[in-house]
Amino acid sequence: MSQKTSGRASTLLIGLATLAAGLTGGLTFTALSIPLPWVLGSFSATGLLSLFGVRLALPGSWRGYAMVIVGTMLGAGFDPETVKAIPGWWPSLVIMILLSIAFFFFAFLVLRTWAKMTPATAFLAAMPGGLSVVSVIAETYGADPRRVVLCHSARLVALLVTMPILIHLLGDYDLAGASRPGSLPPIDGSPLDLLLLLGCAIAGYFLGRVMKVPSGLLLIPLVLSAFVHSLGVVEAHVPVQISIVAQIVIGANVGVRFVGYRLRDILSDGWMSAIIGVMLSFSTFLAALAASKLTGIDAAPLLLSFLPGGAPEMGVVAVALHIAPAMVACHHLVRVAIMVALIPLGLKHLAKHGKPD
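Just so it is clear, the model here is predicted, and its values are computed rather than measured.

S.K.: Would you explain the overall build of the protein chain in this entry?
M.R.: Counting its secondary structure elements, the protein chain contains 15 helices and zero strands. A compact globule built from 357 residues should have a C-alpha radius of gyration of about 21 Å, and the protein chain, at 20 Å, falls within 12% of that. Each principal axis of the C-alpha atoms in the protein chain carries an extent, and together these give about 60 × 60 × 40 Å. Relative to its full complement of 357 residues, the protein chain shows a buried share of 54%. Pairs at least 24 apart in sequence give 77% of the contacts found in the protein chain among residues at least 6 apart. Here the protein chain displays about 16,200 Å² of accessible surface, and carbon together with sulfur accounts for 70% of that area. Computed over 21 positive and 14 negative side-chain charges, the inter-centroid distance for the protein chain is 16 Å.

See below:
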């Protein structure tokens, strides 16, 4: 066996072990009726093992496949009635943008002042989501990628942990059983519907790899799926079993970020970002309640739309809980687009006028 083949086999085995750990965590959380079991259970199991030094990792392509699945699921939420409601989302989009700006400046000042981060590192670590984007460009602008990833991961963990509590306060949602088989609407589409849905996923995957757009593996399948669903051509939904696999991968992808971190690293940056995440969660909760009164939109979808987490994580939660996945996806993708446009300008300004690193 060649060294290259051996390396691939090793990567595959580690990936399967990581999925097995995530599945075990998900099954355990499901048995204990813990909210969002497949995402939180997978994250908890892989994160705990990672902190204890167990070598876990997911091949990058697997996360890509999960993003394609999530994008296809989110696109299924754009039925004809939802499309008619899109123009009414502009007030909540404006509120989301203003909140994101406020959240960014708050996190930036805290990390710059108390965590003693360089301007570039604090700038990218404070971004409200978009980890896949900021982690790629971190080294280019002289930021510390490990600190950036740790801060985003710790904040996302805080959001995922506090989110079920806040959603429970907003309505009677089955947080523990939302993703059990049979909890999603049955697939009413014909075999042709399922083939078209599969075609959206496959075409979205290849187009997402070719087209250099942020979160392309999420965005392109979402657009294709939304297109066929908005026309009423397809009514089928992604089967719950595939949804569960995507949730396990999304959760494990957060957990394995803690591989290689020492407890000292977690205590230095992680605890501060986690506290920031909790504060932002409760601030978002209050903002969602206020925005609900202003817009007439239920507070739960506003909460998921406003939370400064990643689009895949928030999107998969919206799908699992049936909380306006199309609206949630739209808000997070708008935020990612704005971030992608403004990050280079902000970093160049810091490099020109800020203190040297």
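S.K.: How do you make sense of empty space enclosed by the protein when you look at a structure like this?
M.R.: Gaps left between atoms show up when a probe the size of a water molecule is rolled over them. As enumerated under the stated definition, the model contains one cavity of 30 Å³ or more in all. Taken as a whole, the largest cavity holds about 220 Å³ of empty space. For the largest cavity, the lining is made up of 23 residues, of which Gly129, Gly130, Leu131, Gly310 and Glu313 are closest to its centre. It is helix H8 (residues 145–170) that provides the largest number of residues to the lining of the largest cavity, a total of four residues. For the lining of the largest cavity, the per-class residue count stands at ten nonpolar, eight polar and five charged.

S.K.: It is not clear to me how unusual backbone geometry should be interpreted in this structure. Could you clarify?
M.R.: Most peptide bonds take the trans form, and the phi angle of most residues other than glycine is negative. A positive phi angle is found at leucine 36, which is not glycine, with a value near 45 degrees. Backbone geometry places lysine 116, a non-glycine residue, at a positive phi of 55 degrees. The topology assignment puts lysine 116 in the loop between helix H5 (90–113) and helix H6 (119–125).

S.K.: Please clarify how the packing of helix H3 (residues 60–75) against helix H11 (residues 240–255) should be interpreted in this entry.
M.R.: Angle between the axes and distance between the axes: these two values describe a pair of packed helices. One can describe the packing of H3 onto H11 by two numbers: an axis separation of 9 Å at closest approach and a directional angle of 130 degrees. For the element pair H3 / H11, the angle class is oblique. Note that H3 runs across H11; the crossing there is left-handed. Listed contacts from H11 to Trp62, Arg63, Ala66, Ile69, Val70 and Met73 of H3 are Ile242, Ser243, Ala246, Val249, Ile250 and Asn253. Residue classes in the contact of H3 with H11 are distributed as nine nonpolar, two polar and one charged.

About the criteria used
- Residues numbered from 1 in each chain as written.
- Predicted model: local features only at pLDDT ≥ 70, side-chain atom pairs only at ≥ 80, totals over all residues.
- Heavy atoms only, no water.
- Helix = DSSP H or I, 4+ residues; strand = E, 2+ residues; numbered from the N terminus.
- Rg over C-alpha atoms; globule rule 2.2 N^0.38 Å.
- Buried < 20%, exposed > 50% of the residue type's maximum accessible area, 1.4 Å probe, protein only.
- Contact = heavy atoms within 4.5 Å.
- Areas by Shrake-Rupley, 256 points an atom, 1.4 Å probe, with all protein chains shown as cover.
- Lys, Arg positive; Asp, Glu negative; His and termini not counted.
- Charge placed at Lys NZ, Arg CZ, Asp CG, Glu CD.
- 1 Å grid on protein atoms, 1.4 Å probe; cavity = no way out; pocket = protein on both sides within 12 Å on 5 of 7 lines; lining within 4 Å.
- Points joined across faces, edges and corners; volume = space filled by probe spheres on them.
- Nonpolar A, V, L, I, M, F, W, Y, C, P; charged D, E, K, R; others polar.
- Axes fitted to C-alpha atoms, helices over the stretch in contact; angles between N-to-C directions.
- Parallel < 35°, antiparallel > 145°, perpendicular 65-115°, else oblique.
- Left-handed = near helix turned anticlockwise from the far one by under 90°.

The values reported here are purely geometric and, on their own, carry no functional implication.
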